[in-house]
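If you want the building blocks of each chain, they are given just below.
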Amino acid sequence: MSETSGGEVLARMLQAEGVEKVFGIIDGTYFGFYSNLHKLGIEIVTPRHETCAAHMAGAYARLTGKLGVCMASNGPGVANLLPGLAVENAEGNRVLAITSCRRPQIVYPDRGGTYQSFDQVGAISHLAKWSHAVVSFDRVAELGRTALRYCWDGRPGVVHLDVPETIMNGKVKAEVSPWQPHQYRRVDRMVPAPGQVELAAEMLAAAELPMIHAGSGIIHADAYDELRRVAELLHAPVTTSWAGRGVLPETSELAIPMPFIPINNEVRNDADLVLTVGSRLGETDWWGKAPYWRHPSEQQMIQVDIDAHILGANKPAALTVQADAKLFLAALAQQLAGLTARMNLDARRRKVAKYREKIAAERAKLDEKLEDLAVPMNPAHVAHACQQVFPEGTVLVADGGNAAVWTMMFHQARVPNTILSTFKFGMLGAGVAQATGAAVARPGTPICCIIGDGAMGFHPQEVETAVRNGLQVVFLVLCDKQWGMVKMNQQFALKPIKTLIRKSLGPDETIKADLGEIRFDELARAMGAHGERVADPRGLKAAIERSLASGGPAVIHVDVDPVKHMWAPGLMHFKDMHQEPKGK
Ligand SMILES: Cc1ncc(C[n+]2csc(CCOP(=O)(O)OP(=O)(O)O)c2C)c(N)n1
Ligand SMILES: [Mg+2]
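Residues numbered from 1 in each chain as written. Chains lettered and ligands numbered in written order. Predicted model: local features only at pLDDT ≥ 70, side-chain atom pairs only at ≥ 80, totals over all residues. Heavy atoms only, no water.

1. A closer look at the overall build of the chain
- Along the chain, the regular secondary structure elements total 24 helices and 19 strands.
- Its C-alpha atoms give the chain a radius of gyration of 25 Å, near enough to 25 Å, the size a compact globule of 584 residues would have.
- By its C-alpha atoms, the chain is 70 × 65 × 45 Å across when sized along the principal axes.
- Taken across its 584 residues, the chain has 58% of its residues classed as buried. (Helix = DSSP H or I, 4+ residues; strand = E, 2+ residues; numbered from the N terminus. Rg over C-alpha atoms; globule rule 2.2 N^0.38 Å. Buried < 20%, exposed > 50% of the residue type's maximum accessible area, 1.4 Å probe, protein only.)

Dropping the structure here:
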């Protein structure tokens, strides 16, 4: 037995788990942890705000399928980490947070006046899958294994381990070599019961108009090919959750892109059987309820999920299957291959062709906005130009507000798992760190981040993180000098008729909705990045090309027409979503 610290034990466990990166800001209270990460060759990526460490870990986890690990130091570091953990847990990203806390003798409970201390587990346990403190050195390894077991069990989310500074740094005589992951957690995929696969295949073959609803469980299971195969065998249209967008490339005739909400509603009302895979059917899926979906009395559901707590949670299911999505869909495809002769494929084809016509018409209507060449530009140009200039398969990060709505409407998801946002949380500013985390996950390829001027103001400092770490993120900041999305809501709340007639109220008619200007291009240059400012849509592509050619991070300050920006397409559906669906 040799001398070791709790920090070393944890670092070695992470190494055994294959962890290659840890995101966080250094501090003396866990020197024993990160100095060992460093010694073992695990890279420490340091943002300039702890909440960004959580988002970077989340984006990294989602894009790589690996565990995202972040760390923060007791008191202020952990307090700064909290919003990021709340968001990453909500989004369902596999993030392990390791934090330091003060010595066990003076915390849990606080002796009264303990420096840099609060009830970290108490706070995080409300926003994580599991959160516990280590109470003595002999439990570091055991609780580390428990944390890792939770990380890989059920729906991904945040798991937290709080480790006292004395245990992190203090040395004791102990066994150093960690258990291997298969010795303490499930490492194989969960196999579906064969009888359930057969039954699902029979139901889907017999259905008149089956459809598939796919969530981000498809991403976590890497089940894109299997999803496509099942959809093709059934000739079933595929809708997705917002976070699942692109799991079936939108170039497929069976893909019903999420932004075309009325067509999504139509598909969901036509289907007599829904195969839901890896989705909770949450509020952004309108809870699976009428009138957005057909009433359960006329629409059966087969629900497949890795997490038993999701099955039948929001919509009644005729068949619930707890299984890995990839294995289930692969087995289902095998079964379905023998049943195609029994399917009413002609009827399904006719329906899908109708949906395609409607999508094309809707697309053409939206694309009329691209003919608008006024200065400052119509925001429609931004995502469109990005898709033309960035290489195919570039990860696109859409931050919140109207900037995200415009981005979603003018981007086509052609490659699975290439869109990041905070779909469930709508956390302004998270996109900055998601983009830098994405660049760590996809080294050597540029990342595109489209973000509002309000949101960029939350975390512009992370441009320096990108510079320091050689991460090629191109930020396109849509500058309307207002909290655009909220200003639009306010206008309708305050003076709806005048808003409809004039399109915009006067400067003193809204409440604190306007912002001053930050020259994001100049700010970028001050941090060592490339900076551009563009207001003319005819100059946009060239600005993106120059930014990419700079080879490093870049910020393009894009002046958009503030009134057109407020009138983002599809906003009324977003407002509707905030009400309980009226169907029983
Ligand atoms: C952290 C955070 N604070 C507040 C909100 C509420 N909110 C939603 S959209 C929005 C305005 C966004 O402004 P901006 O980032 O400039 O984007 P725009 O809508 O102007 O494109 C606000 C304040 C939020 N979603 N997230
Ligand atoms: Mg704005």
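2. Thoughts on the site of ligand 1
- Taken together, 17 residues surround ligand 1, and among them Asn402, Gly426, Asp453, Gly484 and His565 come closest.
- A distance of 2.8 Å separates an oxygen atom of ligand 1 from a polar atom in the backbone of Asn402.
- Here an oxygen atom of ligand 1 and a side-chain polar atom of His565 are 2.6 Å apart.
- Burial of ligand 1 by the surrounding chains reaches 77%, relative to a free accessible area of 590 Å².
- Only α15 (401-409), α17 (453-456) and α19 (484-494) provide two or more residues apiece to the shell around ligand 1.
- Broken down by class, the residue content of the shell around ligand 1 amounts to seven nonpolar, eight polar and two charged. (Near = heavy atom within 4 Å. Polar contact = N/O pair within 3.5 Å; in protein donor to acceptor, adjacent residues only side chain to side chain. Areas by Shrake-Rupley, 256 points an atom, 1.4 Å probe, with all protein chains shown as cover. Nonpolar A, V, L, I, M, F, W, Y, C, P; charged D, E, K, R; others polar.)

3. Section: the sheet that holds strand β9 (residues 210-214)
- Across the sheet, which stays open at both edges, the five strands sit in the order β10-β9-β11-β12-β13 with parallel pairing between neighbours. The outermost strands of the open sheet, each flanked by one partner alone, are β10 (238-240) and β13 (319-322). Adjacent strand axes in the sheet meet at a mean angle of 15°, parallel and antiparallel pairs treated alike.
- Bridge analysis of β9 against strand β11 (residues 273-277) gives five bridges, and the strand direction is parallel. (Pairing = 2+ DSSP bridges. Axes fitted to C-alpha atoms, helices over the stretch in contact; angles between N-to-C directions.)

4. Section: the environment of Ser136
- Of note, Ser136 is situated in the loop between β6 (130-133) and α6 (140-151).
- Residues Ser136 and Pro164, 28 residues apart in the sequence, show an inter-C-alpha distance of 8.6 Å.

5. Let's talk about unusual backbone geometry
- Here the bond from Tyr108 into Pro109 is cis, since omega is 0°, no more than 30 degrees from zero.
- With respect to the helices and strands, Pro109 occurs in the loop between β5 (95-101) and α5 (120-124).
- Omega for the peptide link from Val375 to Pro376 comes to -5°, which places this bond in the cis form.
- You can see Pro376 is positioned in the loop between α13 (345-367) and α14 (380-389).

6. Some details on the coordination of the magnesium ion (ligand 2)
- The magnesium ion (ligand 2) binds to the protein through Asp453 (OD), Asp480 (OD) and Gln482 (O); the donor distances cover 2.1 to 2.3 Å.
- Mapping the donors of the magnesium ion (ligand 2) onto the primary sequence yields the spacing D-x26-D-x1-Q. In this pair, Asp453 is assigned in helix α17 and Gln482 in the loop between β17 (473-479) and α19, connecting sequence segments 29 residues apart. (Donors = N, O, S within 2.8 Å, 3.2 Å for Na, K, Ca; no water.)

7. Looking at the pattern of salt bridges
- Evaluation of the coordinates by the stated rule reveals 34 salt bridges.
- The salt bridge partner of Lys365 is Glu362, with a shortest N-O separation of 3.6 Å. Separated by three residues within a single helix, Lys365 and Glu362 lie in helix α13, roughly one turn from each other.
- Across the pair Glu509 and Lys498 runs a salt bridge whose closest N-O atoms are separated by 2.7 Å. Here the residue Glu509 occupies a position in the loop between α20 (496-502) and α21 (520-526), and Lys498 occupies one in helix α20, the gap between them amounting to 11 residues.
- One connected set of salt bridges, linked through shared partners, spans Arg519, Asp521, Glu522 and Arg525. (Salt bridge = Lys/Arg side-chain N within 4 Å of Asp/Glu carboxyl O.)

8. Topic: the side chain of His573
- Its location among the elements puts His573 in helix α24 (residues 571-577).
- Discounting chain neighbours no more than four positions away, the residues touching His573 are Ile261, Pro262 and Trp286. (Contact = heavy atoms within 4.5 Å.)

9. Observations regarding the side chain of Arg62
- By the element assignment, Arg62 lies in helix α3 (residues 50-64).
- Salt bridges are absent for the buried Arg62, whose nearest opposite-charge side chain, Glu91, sits at 5.7 Å.
- At 2.7 Å, the side chain of Arg62 forms a polar contact with the side chain of Asn93.
- Once you skip the residues sitting within four places of it in the chain, Arg62 turns out to touch Glu91, Gly92, Asn93, Ser216, Ile219, His220, Ala243, Asn417 and Leu420. (Lys, Arg positive; Asp, Glu negative; His and termini not counted.)

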